[in-house]
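Overview (structure and organization)
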Amino acid sequence: MANSEIIDVVIIGAGPAGLSTALHLVQQQPGWADRILVLEKKTHPRHKLCGGGITRSGLKILKGLGLPYPLPLPQIQVEHVLMRYKKRTIHVRGKPQFIVINRPEFDHFLLQEARQRGIRVQENEPVRSLERINGFIQVTTPQAKYLARVVVGADSARGPSRAWLEGSTQASKGFSRIGRTLETLTPAHQAAPRFRQRSAIFDFSYIQQDLQGYFWDFPSCVAGEPTHNRGVYDSRFVPQRPRARLPLLLHQGVKEYGTGLADIQPQSAPIRWFSPTQAISAANLILVGDAAGVEGLFGEGISPALAYGKVAATEIRRAFHSQDFSFRSYEPRLLKSSLGRYLVLRWLLAGALYRYGNSPIFMHPLWTAAQIVTTIWRAGPIN
């Protein structure tokens, strides 16, 4: 221990989930700023593959943290969502339904906010290993060793904290599965339909081609310039099914919605979706954000990540108050929270849609019911 710095809370990953955890701790009690260390393997603003959508629930969490609204970042407010299945379209309206930001810019903004509130963030310091030592977890990086009473794993779907948990003898529950996204960013014109109409598209028609997900078309801004953010999400909820040909489906979707194929430079990333049967904690360790699992129906990550931070901060404070760092209560408390109920509901819906979605007998009544619900529902202001 003499050669290691002792820290109450080490957060691995300076994305929305990790920084939300830190910001919520400091909001609840400013003295926490001196007890937290955030480790980030890269330097912000760093590349991050993401659709960039922040839903209304995520915006409310940001407002609750005292961050300005609208966010002081280039963004598009989406007021019209079109969910398509073949020739049928469901229209969902609200001001906004969600906003679209450039993920590297958003993460950098959160990082700056964390530092302004006194939170210590060390960039370009990847975690090499985790090891349990005398009631602590030793976090080793190329630069140093840290003994943490609590480690928060916010380091992506396949980060070291998730790998360590899965290899732990304490992790006796099942684990969620990995899906994939394939995304492309292409230059746009401000007069393009998505920008002019402030609209976004979720096209589920490709379920008929083995896609357990959808094609998306979002208006976005990258470095202040209008940009089409388009991609495919494949949950792989039913692994026994044939794999969808994601590059082919991405080309089909981009061609249908109006950009020349020569502009496509797709990038791929794994995406872990939340399952209530998984393990997301062990003694001295909790997982949040992508490491714990995103929302499974749409693969929504940013807003749940921000909500994970709020739940995790409360659980960490409870652990230090009781001096019980087993975190046995983290999973049941998460499931009982509004975030947990949301994730479980979306997990159930994803299971039904992606298991039976290749059957028109299932899809047509589902789309009819969804049209009725969205006709009745109207989004109110973000308070």
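Residues numbered from 1 in each chain as written. Predicted model: local features only at pLDDT ≥ 70, side-chain atom pairs only at ≥ 80, totals over all residues. Heavy atoms only, no water.

1. Concerning the overall build of the chain
- When helices and strands are tallied, the chain shows 10 helices and 16 strands.
- Relative to the globule expectation of 21 Å for 383 residues, the C-alpha radius of gyration of the chain, 21 Å, shows essentially globular dimensions.
- With respect to the three principal axes, the spread of C-alpha positions in the chain is 65 × 40 × 40 Å.
- Across the 383 residues that make up the chain, the buried fraction comes to 56%.
- Taking contacts inside the chain between residues at least 6 apart in sequence as the whole, the part at least 24 apart equals 74%.
- Carbon and sulfur atoms provide 53% of the accessible area of the chain, an area that totals close to 16,200 Å².
- Where the 47 positive side-chain charges of the chain centre and where its 27 negative ones centre are 7 Å apart. (Helix = DSSP H or I, 4+ residues; strand = E, 2+ residues; numbered from the N terminus. Rg over C-alpha atoms; globule rule 2.2 N^0.38 Å. Buried < 20%, exposed > 50% of the residue type's maximum accessible area, 1.4 Å probe, protein only. Contact = heavy atoms within 4.5 Å. Areas by Shrake-Rupley, 256 points an atom, 1.4 Å probe, with all protein chains shown as cover. Lys, Arg positive; Asp, Glu negative; His and termini not counted. Charge placed at Lys NZ, Arg CZ, Asp CG, Glu CD.)

2. Structural notes on the pairing of strand 1 (residues 5-12)
- Relative to strand 9 (residues 145-153), strand 1 is paired through seven bridges, and the arrangement is parallel. Its bridge partner being in strand 9, Ile7 is matched across the sheet by Ala148.
- Direction of pairing for strand 1 relative to strand 2 (residues 36-39): parallel, over a ladder of four bridges. Across the sheet, the residue bridging to Val9 is Ile36, located in strand 2.
- Taken together, strand 1, helix 1 (residues 16-28) and strand 2 form a β-α-β motif whose crossover is right-handed. (Pairing = 2+ DSSP bridges. Right-handed = clockwise from strand over helix to strand, strands pointing away.)

3. Quick notes on the sheet that holds strand 10 (residues 178-187)
- What the eight strands build is an open sheet, ordered 3-5-4-11-12-13-10-14; its pairing is mixed. Of all strands in the sheet, those with a lone pairing partner are strand 3 (53-55) and strand 14 (267-272), marking the two edges. Adjacent strand axes in the sheet meet at a mean angle of 35°, parallel and antiparallel pairs treated alike.
- As paired elements, strand 4 (residues 75-85) and strand 11 (residues 199-203) share five bridges and run parallel to each other. Bridging across to strand 11, His80 finds its partner in Ser199. (Axes fitted to C-alpha atoms, helices over the stretch in contact; angles between N-to-C directions.)

4. Focus on the packing of helix 1 against helix 7 (residues 302-322)
- Between helix 1 and helix 7, the least distance of the axes is 7 Å, while the angle of their chain directions is 45°. Viewed along their axes, helix 1 and helix 7 adopt a mutual orientation that is oblique. Where helix 1 crosses over helix 7, the two elements pack in a sense that is right-handed. Along its contact with helix 1, which presents Pro16, Ala17, Ser20, Thr21, His24, Leu25 and Gln28, the element helix 7 presents Ile302, Ala305, Leu306, Gly309, Lys310, Ala312, Ala313, Thr314, Ile316 and Arg317.
- Along the lines of polarity and charge, the residues of the contact of helix 1 with helix 7 split into nine nonpolar, six polar and two charged. (Parallel < 35°, antiparallel > 145°, perpendicular 65-115°, else oblique. Left-handed = near helix turned anticlockwise from the far one by under 90°. Nonpolar A, V, L, I, M, F, W, Y, C, P; charged D, E, K, R; others polar.)

5. Section: the nonpolar core
- Counting 75 residues, the largest nonpolar core has Ile36 and Phe106 as the members making the most contacts within it.
- If we ignore the near neighbours within four places in the chain, the residues touching Ile36 are Ile7, Val9, Ile11, Ala22, Leu25, Val26, Ile119 and Arg120.
- Of all hydrophobic cores here, the second largest spans 28 residues; its members include Tyr233, Val238, Leu297 and Leu353. (Core = buried A, V, L, I, M, F, W, Y, C linked by side-chain atoms within 4.5 Å.)

6. A word on the environment of Ser4
- Mapped onto the secondary structure, Ser4 falls in the segment before strand 1.
- Distance in space between the C-alpha atoms of Ser4 and Asp155 is 22 Å, their sequence separation being 151 residues.
- Once you skip the residues sitting within four places of it in the chain, Ser4 turns out to touch Gln138, Lys145 and Leu147.
- Looking at Ser4, its side chain comes within polar contact range of the side chain of Gln138, at 3.4 Å. (Polar contact = N/O pair within 3.5 Å; in protein donor to acceptor, adjacent residues only side chain to side chain.)

7. Notes on the side chain of Thr141
- Along the chain, the position of Thr141 falls in the loop between strand 8 (136-140) and strand 9.
- Of the polar contacts made by the side chain of Thr141, one reaches the side chain of Glu125; its length is 2.7 Å.
- Setting aside its immediate chain neighbours within four residues, Thr141 contacts Leu39, Glu125, Pro126, Val127, Arg128 and Tyr146.

8. Points about the packing of helix 2 (residues 56-64) against helix 7
- Packing of helix 2 against helix 7 leaves a shortest axis separation of 8 Å and a crossing angle of 40°. By the angle between their axes, helix 2 is oblique relative to helix 7. Between helix 2 and helix 7 lies a crossing whose hand is left-handed. Along the contact surface, helix 2 presents Ser57, Gly58, Ile61 and Leu62, while helix 7 presents Ser303, Leu306 and Ala307.
- Broken down by class, the residue content of the contact of helix 2 with helix 7 amounts to four nonpolar, three polar and no charged.

9. Here we look at the side chain of Arg236
- Along the chain, Arg236 falls in the loop between strand 13 (225-234) and helix 6 (246-256).
- No salt bridge is formed by the buried Arg236, whose closest oppositely charged neighbour, Asp234, lies at an N-O distance of 4.7 Å.
- Engagement of the side chain of Arg236 in a polar contact is seen with the backbone oxygen of Arg241, the distance being 3.1 Å.
- Polar side-chain contacts of Arg236 include one of 3.4 Å to the backbone oxygen of Pro242.
- Ignoring anything within four residues of it in the chain, the contact list for Arg236 reads Arg177, Ile178, Gly179, Gln212, Arg241, Pro242, Arg243 and Trp273. (Salt bridge = Lys/Arg side-chain N within 4 Å of Asp/Glu carboxyl O.)

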